[in-house]
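Take a look at the letters that make up each chain.
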Amino acid sequence: MVYHLPIIFGFHVPHAYLAVDLFFMLSGWAMAYSYEERIGQGMAFRQFALQRFARLYPLYGVALALGFSYALAKYLFGTPTTATLACIVPNSVMLPCMLDDTQNFPLNRPAWSIFVEVVINLGWYFVVRFGMRTMRWKFALHLGSVLLCWGTAYMVERFLRGYTPADVTEGLLRGLAGFSGGVLLFYCRKQAWILAYFAALSLAILLVFGLKGLSVELMLLAFVVMAFFPALLWLLAALRPAVLEGKISAFLGDISYAVYLLHVPLGLFLVNPLLRLVPGAGLAPTAIRAALFTGVLIAVCSLSYHRLEKPARRWLVARYGKPGRPMGAAAAP
């Protein structure tokens, strides 16, 4: 939120985009917990796809509509590009827009990672459904994705992106490495030796990058993604600190998806009113604007979760969630 809206918060957090890689890892953990056993037992693809669509799309569609409304208003009263408005067509079906030179999802920039999430979720269904569920497969898939992700970073000599038409593949590689890492961590959540595995991968990447003379910055980013994030996730799950078990954390978890998708379009609509309401560039007015925006965002996201996301998910699953036919005994693991 701060990374995308420094004009409201008054400061910039370098490399805060790494939160997306942690998101992919958390997603792998959560999907393994919620779906892998059911998929292995014969959950139909139609049912799985409906569950993911019902969870992700209603809010995605609303956030996209807000972003489009803002772009349309600027088109009518300002000077936006027609390519941005035209992106509503592919973006409406969660596909990247190749008409904009700078963003895959220019109407709501963070949405590129939701596209990656959907692609990986759908591919992961077939990985699980066709029997690649053993720990050996999990290690193989993770190691392969790490080699692809960081091998690409080695070749381009920078951290991978994923949010522009030129680097869609990079985003998919980032998502795959993080997601497969989260799945692996979930199934090794009681074995401390898994931390040694991630540490060894991290050291190997740093060694190879160092031998090539790549930047210290890139090496530090690799360390955070490949060593710090896995250790953080594993330790928090193992220790289960009380702060993560209470109502406040549950509330923040409930609204986190809405915070992610709504902070940019809401920020676009509110930034000028906030600047007029609380003018000035000092610490005090900036803090007031940041507090006001955060309060409004939390209220809107809470309303979204209880009045949009949960009801829409229930309705879609009830309306279209007729049990699908299993894929056949031969396909079962």
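Residues numbered from 1 in each chain as written. Predicted model: local features only at pLDDT ≥ 70, side-chain atom pairs only at ≥ 80, totals over all residues. Heavy atoms only, no water.

1. Considering the overall build of the protein
So, point 1. Of the regular secondary structure elements, the protein holds 13 helices and zero strands.
So, point 2. In the protein, the order of α-helices and β-strands from amino to carboxyl end is α-α-α-α-α-α-α-α-α-α-α-α-α.
So, point 3. For a compact globule of 333 residues, the expected C-alpha radius of gyration is about 20 Å, and the protein comes in at 21 Å, within 12% of that figure.
So, point 4. Expressed along its principal axes, the backbone C-alpha trace of the protein runs to roughly 60 × 55 × 45 Å. (Helix = DSSP H or I, 4+ residues; strand = E, 2+ residues; numbered from the N terminus. Rg over C-alpha atoms; globule rule 2.2 N^0.38 Å.)

2. Notes on helix 10 (residues 193-212)
So, point 1. Here helix 10 spans 29 Å end to end across 20 residues, near enough to the 28 Å set by a 1.5 Å rise per residue.
So, point 2. At its buried positions, helix 10 is contacted by helix 8 (135-156), helix 9 (168-187) and helix 11 (216-239).
So, point 3. Trailing helix 10 by a residue or two, glycine 213 shows a phi angle of about 80°, which is positive. (Expected span 1.5 Å × (residues − 1). Contact = heavy atoms within 4.5 Å.)

3. Considerations on the environment of phenylalanine 105
So, point 1. Here phenylalanine 105 shows up in the loop between helix 6 (88-91) and helix 7 (112-129).
So, point 2. Given the relative accessible area of 2%, phenylalanine 105 is considered buried.
So, point 3. Spatially, the C-alpha atoms of phenylalanine 105 and serine 69 are 14 Å apart, while their sequence positions differ by 36 residues.
So, point 4. Discounting residues that sit within four places of it in the chain, phenylalanine 105 has contacts with Tyr60, Asn91, Met94, Leu95, Pro96, Ala111, Trp112 and Phe115. (Buried < 20%, exposed > 50% of the residue type's maximum accessible area, 1.4 Å probe, protein only.)

4. Things to note about the environment of methionine 98
So, point 1. Summarising the element assignment, methionine 98 is placed in the loop between helix 6 and helix 7.
So, point 2. According to the relative accessible area criterion, methionine 98 is exposed, its value standing at 52%.
So, point 3. Sequence separation between methionine 98 and alanine 166 is 68 residues, and the spatial gap between their C-alpha atoms is 8.7 Å.
So, point 4. Setting aside residues no more than four positions away along its own chain, methionine 98 makes contact with Pro165 and Val168.

5. A look at the nonpolar core
So, point 1. Core analysis: the biggest nonpolar cluster contains 78 residues, and Tyr60, Trp124, Trp150 and Phe209 have the highest contact counts within it.
So, point 2. Ranked by the residues each element gives to this core, the list is headed by helix 11, at nine residues.
So, point 3. Sequence-distant contacts of phenylalanine 209, that is, excluding residues within four places in its chain, are made with Trp150, Ala153, Tyr154, Leu214, Leu218, Met219 and Ala222. (Core = buried A, V, L, I, M, F, W, Y, C linked by side-chain atoms within 4.5 Å.)

6. Notes on the state of the cysteines
So, point 1. Here the structure, examined in full by the defined rule, presents one disulfide.
So, point 2. Each sulfur in the disulfide pair cysteine 87 and cysteine 97 lies 2.0 Å from the other. Disulfide cysteine 87 to cysteine 97: torsion about the S-S bond roughly -70°, handedness left-handed. With a gap of 10 residues between them, cysteine 87 in the loop between helix 5 (82-86) and helix 6 and cysteine 97 in the loop between helix 6 and helix 7 connect regions that are remote in the sequence. As far as burial versus exposure is concerned, cysteine 87 and cysteine 97 are alike and both buried. (Disulfide = S-S within 2.5 Å.)

7. Observations regarding helix 2 (residues 19-34)
Think of an α-helix as turning once every 3.6 residues; residues three or four places apart then point the same way.
So, point 1. Between its terminal C-alpha atoms helix 2 stretches 22 Å, which fits the 22 Å expected from 16 residues at 1.5 Å a residue.
So, point 2. Listed as buried for helix 2 are Val20, Asp21, Phe24, Met25, Ser27, Gly28, Trp29, Met31 and Ala32.
So, point 3. Each element contacted by the buried residues of helix 2 is listed here: helix 3 (36-40), helix 4 (45-77), helix 7, helix 9, helix 11 and helix 12 (247-277).

8. Some details on the packing of helix 12 against helix 13 (residues 283-320)
So, point 1. Packing of helix 12 against helix 13 leaves a shortest axis separation of 7 Å and a crossing angle of 135°. Viewed along their axes, helix 12 and helix 13 adopt a mutual orientation that is oblique. The handedness of the crossing between helix 12 and helix 13 comes out as right-handed.
So, point 2. For the contact of helix 12 with helix 13, the per-class residue count stands at 19 nonpolar, four polar and three charged. (Axes fitted to C-alpha atoms, helices over the stretch in contact; angles between N-to-C directions. Parallel < 35°, antiparallel > 145°, perpendicular 65-115°, else oblique. Left-handed = near helix turned anticlockwise from the far one by under 90°. Nonpolar A, V, L, I, M, F, W, Y, C, P; charged D, E, K, R; others polar.)

9. Notes on the packing of helix 8 against helix 10
So, point 1. Put simply, helix 8 and helix 10 touch, their axes get as near as 11 Å, and they point 20° apart. Here helix 8 lies roughly parallel to helix 10, going by the angle between them. For the pair helix 8 and helix 10, the sense of crossing is right-handed. Contact residues: Phe139, His142, Leu143, Val146, Trp150, Ala153, Tyr154 and Met155 in helix 8; Trp193, Ile194, Tyr197, Phe198, Leu201, Ile205, Val208, Phe209 and Lys212 in helix 10.
So, point 2. For the contact of helix 8 with helix 10, a count of residues per class yields 15 nonpolar, one polar and one charged.

10. Description of unusual backbone geometry
In terms of backbone geometry, most residues other than glycine have negative phi values and most peptide bonds are trans.
So, point 1. The backbone of methionine 94 sits at a positive phi, close to 65°, despite the residue not being glycine.
So, point 2. The residue methionine 94 is located in the loop between helix 6 and helix 7 in this model.
So, point 3. On the basis of relative accessibility, which here comes to 11%, the residue methionine 94 falls in the buried class.
So, point 4. The phi dihedral of arginine 240 falls on the positive side, at around 45°, and the residue is not glycine.
So, point 5. Its place among the elements puts arginine 240 in the loop between helix 11 and helix 12.
So, point 6. Here arginine 240 falls in the exposed class, since its relative accessible area comes to 52%.

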